[in-house]
Amino acid sequence: MNRTVANLFTSPYPTAIQTSLDSVAILARFDQSGKYVAAGRHDGLGVVWDLTTRGQVRWLEGHVKGITSIDWSQNSRYVLTSSKDWNVIVWDLASDMDPPRRRATIRFDVPVVTAAFHPRHSKILLVLLSSGEAYIVDLRREYRGRYELCELQYESDDETHISRSRTAFSAARFDPSGKHVFLGTTLGLVLVFNSRTKTMVGRHKISGAGIIRGLEFTASGRRMVTNSSDRVLRQFNLPAYPSPTLENEYIEQELEPTHRFNDPISKVGWHAMSYSPDGEWLAGGAADDASHKIYIWDSVREGLLASTLDGGRELLTDVHWHPRKPTIASVTNMGNILIWHCPTEERWGAFAGGFEEVDENVEYEEREDEFDIEDEADIARRKMLEEEEDVDIEGGATDVADNAADHLRQPTGENDEDTLWALDEPDDDLEGWKMKILVEDEQD
């Protein structure tokens with residue numbers, strides 16, 4: 001059956017728990033293919049799960065304190081982990097060792113809050129420290145170094161003297177194109193920096209937000225949602241940012257949210273949020289102190305609450321949407337990873353043409369011509385006509401979810417300076433690599 005047609009009869013968001021992975025995790029992330037889940041634990045251990053076998057395939061042993069964030073490279077060869085032990089480690093899953101070979105270890109002077117790969121190159125990293133500092137770490141040979149991102153402020157009214165002040169950042173993300181870095185501050189600001197020049201190109205005030213605790217983007221990068229200390233998720237349409245100039249010009253405007261998402265009754269905060277692959281649905285993981293709840297809103301049309309998923313008494317700590325399907329991974333405070341999906345009802349009538357399902361026994365009435373003997377010449381002629389009909393082998397149409405997830409891989413503006421800078425040095429995170437199967441030796 002064509003997958004697009006099948007999607008018309010299934011829910012666009014998950015409704016039930018499919019399985020639970022006992023991982024002792026505090027956070028989890030799907031890879032870009034959706035076949036694996038990487039989990040971070042309190043004891044500093046990272047685990048990679050294979051969702052097909054529901055087994056652990058890699059152990060990332062390298063941190064001595066709890067993992068604070070985990071991320072996948074574009075083609076899932078590398079996994080990035082940050083920790084409270086001040087270290088950021090890049091793991092190579094293509095190696096035939098367990099734990100995998102370390103591609104790089106970057107050490108800082110304070111605990112690391114979050115770290116992420118550049119969407120187009122696995123040797124460019126964005127790191128946020130607990131001290132409120134944000135760095136772009138470039139591991140490429142020509143550009144190797146750590147570049148701190150600082151807000152530009154004018155010292156006088158004549159705007160001739162520019163100073164770099166240390167604004168305390170509380171959230172950091174690359175946009176899906178990788179051209180810009182978005183930084184949330186403790187003062188309710190969102191600052192936008194050019195990834196290539198490390199200069200500020202945008203400054204937005206979020207009225208009433210307080211501390212910006214998280215940022216998420218749709219796959220197209222045109223919409224952004226913020227999580228703030230006032231317990232409200234705000235969605236914005238982003239403007240087009242100018243190219244960096246010698247005069248350090250930037251856009252300064254207050255963004256007006258298109259939708260506000262919150263729970264008006266319980267007024268709970270939010271641990272995490274995640275968009276669906278097509279960007280039409282937003283999942284918010286509630287910081288409820290009594291139950292495990294995930295709220296799902298329609299983020300495109302009216303912004304109304306579509307569903308609330310209840311995962312029981314184990315409280316929620318993290319949530320992440322599958323990059324291709326209506327599937328969500330949520331983490332409980334007991335360390336279990338819950339995989340939510342859309343259960344499909346089995347229809348036995350679909351396996352045979354003319355088959356009819358009934359709820360109770362009925363008396364069958366024979367049709368007048370049902371058992372008539374058909375002429376052999378008519379049978380042969382009908383078979384010949386059926387054999388001459390064209391058969392659609394590929395299924396006719398492509399999957400909408402796959403198109404949305406593959407948007408990040410589509411070349412957009414390949415000739416501009418920012419994209420050429422990111423692709424300047426070849427990256428060995430290529431499609432088609434294989435994770436080697438490691439078999440433990442049995443001891444007698």
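For the structure itself, look to the data block above.
1. Overview of the packing of aromatic side chains
Phase 1: Enumeration over the complete set of coordinates arrives at 11 aromatic pairs.
Phase 2: Aromatic side chains Phe261 and Trp297 sit 5.2 Å apart centroid to centroid with 35° between the ring planes, which places their arrangement in the tilted category. Here Trp297 lies in strand β27 (residues 293-298) and Phe261 lies in strand β24 (residues 259-261), a separation of 36 residues in the sequence. With respect to class, Phe261 is no different from Trp297; both count as buried.
Phase 3: With a centroid separation of 5.9 Å and an interplanar angle of 15°, the aromatic rings of Tyr295 and Trp297 are classed as stacked. The pair formed by Tyr295 and Trp297 is uniform in burial state, with each residue classed as buried.
Phase 4: Three or more aromatic residues joined by ring pairs form one cluster here, namely Phe261, Trp270, Tyr295 and Trp297.
Phase 5: For the cation-ring pair, Arg146 lies above Phe108, with the distance from its terminal atom to the ring centre recorded as 4.5 Å.
Phase 6: A cation sits over an aromatic face here: Lys198 above Tyr147, 4.6 Å from the ring centre.

2. So, the sheet that holds strand β22 (residues 233-237)
Phase 1: Pairing is antiparallel in the open sheet, where four strands are placed in the order β20-β21-β22-β24. Sheet topology places β20 (212-217) and β24 at the edges, where each strand pairs with a single neighbour. Adjacent strand axes in the sheet meet at a mean angle of 20° when their direction is disregarded.
Phase 2: Pairing geometry for β22 and β24, over three bridges, is antiparallel. Bridge pairing in β24 places Gln235 opposite His259.

3. Some words on the nonpolar core
Phase 1: With 18 residues, the main nonpolar core has Leu126, Leu149, Phe169, Val181, Leu183 and Phe193 as its most contacted residues.
Phase 2: Every element with two or more residues in this core is listed here: β11 (121-129), β12 (134-138), β16 (169-174), β17 (180-185), β18 (189-194) and α4 (417-422).
Phase 3: Setting aside its immediate chain neighbours within four residues, Phe193 contacts Leu149, Cys150, Glu151, Phe169, Lys179, His180, Val181, Leu183, Lys198, Thr199, Met200 and Val201.

4. Here's the deal with the side chain of Glu425
Phase 1: Position of Glu425 relative to the elements: it lies in the segment after α4.
Phase 2: The buried category is assigned to Glu425, whose relative accessible area is 18%.
Phase 3: Of the polar contacts made by the side chain of Glu425, one reaches the backbone nitrogen of Arg141; its length is 3.1 Å.
Phase 4: If near-sequence neighbours (up to four positions away) are discounted, Glu425 is found in contact with His121, Lys123, Arg140, Arg141 and Glu142.

5. Let's talk about a negative patch on the surface
Phase 1: On the surface, Glu345, Glu346, Glu357, Asp359 and Glu360 cluster together into a negatively charged patch.
Phase 2: One can find Glu360 in the loop between β31 (336-341) and α2 (376-388).

6. Side note on the sheet that holds strand β5 (residues 55-61)
Paired through their backbone hydrogen bonds, the strands of a sheet run either parallel or antiparallel.
Phase 1: In spatial order, the strands read β2-β3-β4-β5; together these four strands make up an open sheet with antiparallel pairing. Every other strand in the sheet has two partners, leaving β2 (25-30) and β5 as the edge strands with one partner each. Ignoring which end each strand starts from, the neighbouring axes of this sheet average 25° apart.
Phase 2: Inspection of the sheet shows strand β3 (residues 36-41) paired to strand β4 (residues 45-50) by five bridges, in the antiparallel sense. If you follow Tyr36 over to β4, its bridge partner there is Asp50.

7. Brief notes about empty space enclosed by the protein
Phase 1: This model, assessed by the stated rule, comprises one cavity of 30 Å³ or more.
Phase 2: Roughly 40 Å³ of volume is contained in the largest cavity.
Phase 3: Tallying contributions element by element places α4 first for the lining of the largest cavity, with four residues.

What counts as what
Residues numbered from 1 in each chain as written. Predicted model: local features only at pLDDT ≥ 70, side-chain atom pairs only at ≥ 80, totals over all residues. Heavy atoms only, no water. Phe/Tyr/Trp six-rings, centres within 6.5 Å; stacked < 30°, edge-to-face > 60°. Helix = DSSP H or I, 4+ residues; strand = E, 2+ residues; numbered from the N terminus. Buried < 20%, exposed > 50% of the residue type's maximum accessible area, 1.4 Å probe, protein only. Lys NZ or Arg CZ within 6 Å of the ring centre and 35° of its normal. Pairing = 2+ DSSP bridges. Axes fitted to C-alpha atoms, helices over the stretch in contact; angles between N-to-C directions. Core = buried A, V, L, I, M, F, W, Y, C linked by side-chain atoms within 4.5 Å. Contact = heavy atoms within 4.5 Å. Polar contact = N/O pair within 3.5 Å; in protein donor to acceptor, adjacent residues only side chain to side chain. Patch = residues over 30% accessible without salt bridge, like charges linked within 9 Å, V, L, I, M, F, W, Y side chains within 5 Å. Areas by Shrake-Rupley, 256 points an atom, 1.4 Å probe, with all protein chains shown as cover. Salt bridge = Lys/Arg side-chain N within 4 Å of Asp/Glu carboxyl O. Lys, Arg positive; Asp, Glu negative; His and termini not counted. Charge placed at Lys NZ, Arg CZ, Asp CG, Glu CD. 1 Å grid on protein atoms, 1.4 Å probe; cavity = no way out; pocket = protein on both sides within 12 Å on 5 of 7 lines; lining within 4 Å. Points joined across faces, edges and corners; volume = space filled by probe spheres on them.

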